[in-house]
Structures are given as C-alpha cells and as structure tokens.
Amino acid sequence: NMKFFVIMFSTVLLYLDGIVIDKLGFFFGFEVSLGWLALPFTLFAVVGFTNALNLIDGLDGLSATISIVILSAFLFVGYTHEDMFMIVMSAGFIVTLLAFLVYNWKPASIFMGDSGSLTLGFVISLLAIKSLDYLPAVSILFIAAIPILDTVIVMTRRKLKGRSMFSADRCHIHHILRHFFAEETPKTVLFLGLMQGIFSLT
C-alpha cells in the first residue's frame, strides 16, 4: 500500500535528522537501549500509531477531538521544558483543529479523510518521539492511549476470529460506545475525548 511506503520514507527522513526512538527507559535498574533496532522500532511505532489515528476516524469530530487532547498534553510537555519546536507544532495544530472542528462536528459539512488523519498521526508520532527527551517511554502510551488501545484490541479480536487484521468491521471502540449512547455521536465523541484526557493526565 502506497501510504505505508510514504509514512516509512518520512520516518527514515526523521531518523536521518536524529529523531528516533533509541531507548525504552529503565527496567529493573537497567536502561534498555535499542542500538541497531532503533530504526526498525521507530518505523514500527510511527507506522502503527499513524494508522491507529486513521482507524479511529470513524465518527464526526472524533479524530479532531482526540488529537486536540493528545496535542494539548504535548503542548504542556513542551511548555514545561521550554521546547519551542513542541510548543509551535502542538499549538499550531490545536488551533487549526479547533477551527476545523466547527465544521466537522455532527452534522459535519467537511471531513478529515485519510490525508488529514494520517498527517495528524504522523505529527503526533513526531512529537511523541521528541517528548522522549523529557518523559519515560511508558508515558507516551498513556498520552496517546485511546487510538493505541483501540487498534490493539480490534486487531487482536480479528486475529482470534481468523480474519485479516486489516479487514474493515464495526468493532471499534467508537462503534461500541455509540451503540451504548443510543447512536448519539456527540456524546460518544465527548466521552472518548474525556477518557483520552484522563489517560493523558495520568
């Protein structure tokens, strides 16, 4: 698939600029350094998360809302550590998404589509790697928890049912919650935004 190659190529460009996951933090007092596995792991992480955000783009306003919450966490990290790159990237996308959300909220008149959600996923991945200078790796899993959990659970369920992990279905967390909230999209989006906010604060 062409989008996978484009994301991988873009990740290699980040690697050449020194933006790479080369450590996974401390376990039992020992620092886990990836060494030559740094590039493959970074490719896996960026491609995985970029597609995770793409997969969660299933309801009006959902990707934008989740992204605003995640970017706000990175804005806070950047502000706390006076990292101007993180501040400018996070704030710029938050403001853009807030304006976009006015027209993307149900009933939406404009939609994000693959190019929007993949771009957002890649930018969030970039900020996540940058924030490893200040946070342990496990913190990133909390800051971006909802897209990651959704993708892992959905793909695991598909695998257990003997289906392709990349096949389409309506088993995503937002489909299940929307049914719980009597098919009300705004309630579902706000609930997932709140959940992501709790994870990010954690």
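Here we summarise the structure given alongside this text.

So, how was this worked out
- Residues numbered from 1 in each chain as written.
- Predicted model: local features only at pLDDT ≥ 70, side-chain atom pairs only at ≥ 80, totals over all residues.
- Heavy atoms only, no water.
- Helix = DSSP H or I, 4+ residues; strand = E, 2+ residues; numbered from the N terminus.
- Contact = heavy atoms within 4.5 Å.
- 1 Å grid on protein atoms, 1.4 Å probe; cavity = no way out; pocket = protein on both sides within 12 Å on 5 of 7 lines; lining within 4 Å.
- Points joined across faces, edges and corners; volume = space filled by probe spheres on them.
- Nonpolar A, V, L, I, M, F, W, Y, C, P; charged D, E, K, R; others polar.
- Phe/Tyr/Trp six-rings, centres within 6.5 Å; stacked < 30°, edge-to-face > 60°.
- Buried < 20%, exposed > 50% of the residue type's maximum accessible area, 1.4 Å probe, protein only.
- Lys NZ or Arg CZ within 6 Å of the ring centre and 35° of its normal.
- Expected span 1.5 Å × (residues − 1).
- Arc of directions from axis to C-beta.

### Quick word on the side chain of Thr65
Inspection of the secondary structure puts Thr65 in helix 3 (residues 62-80). The residues touching Thr65, leaving out its near neighbours within four places in the chain, are Leu101, Trp105, Val189 and Gly193.

### Considerations on the layout of surface pockets
The volume enclosed by the largest pocket comes to roughly 860 Å³. Along the walls of the largest pocket sit 33 residues, with Phe44, Ala45, Phe49, Leu141 and Ile148 positioned nearest its centre. Counting residues per element, the ones that place at least two in the lining of the largest pocket are strand 1 (23-27), helix 2 (38-55), helix 5 (113-131), helix 6 (137-143) and helix 7 (145-160). Considering every element that reaches the lining of the largest pocket, the biggest residue donor is helix 2, with 10 residues. Grouping the amino acids of the lining of the largest pocket by side-chain chemistry returns 28 nonpolar, five polar and no charged.

### A short note on the packing of aromatic side chains
In total, this model carries four aromatic pairs according to the counting rule given. For the ring pair Phe41 and Phe44, a centre distance of 6.5 Å and an interplane angle of 50 degrees mean the geometry is tilted. Placement of both Phe41 and Phe44 in helix 2 is noted, with a separation of three residues, approximately one turn of the helix. Taking the relative accessible area as the measure of exposure, Phe41 reaches 31% and is therefore partly exposed. Classification of Phe44 by relative accessible area gives exposed; the value is 63%. In this structure an aromatic cluster arises from ring pairing among Phe180, Phe181 and Phe191. Its end group placed over the ring of Phe85, Lys130 keeps NZ or CZ at 5.3 Å from the ring centre.

### Considering helix 1 (residues 2-16)
Because the α-helix completes a turn every 3.6 residues, residues three or four places apart line up on one side. Spanning 15 residues, helix 1 covers 21 Å between terminal C-alpha atoms, matching the ideal 21 Å at 1.5 Å per step. Ile7, Thr11 and Leu14 are the residues of helix 1 that are buried. Seen from one end, helix 1 has its buried residues packed into an arc of 50 degrees, which puts them on one side. Seen from the buried face of helix 1, the exposed residues on the opposite side, beyond 90 degrees, are Met2, Phe5, Phe9 and Leu16. Looking at the buried positions of helix 1, the neighbouring elements they touch are helix 2 and helix 5. Once helix 1 finishes, Gly18 follows within two positions and takes phi at roughly 85 degrees, a positive value.

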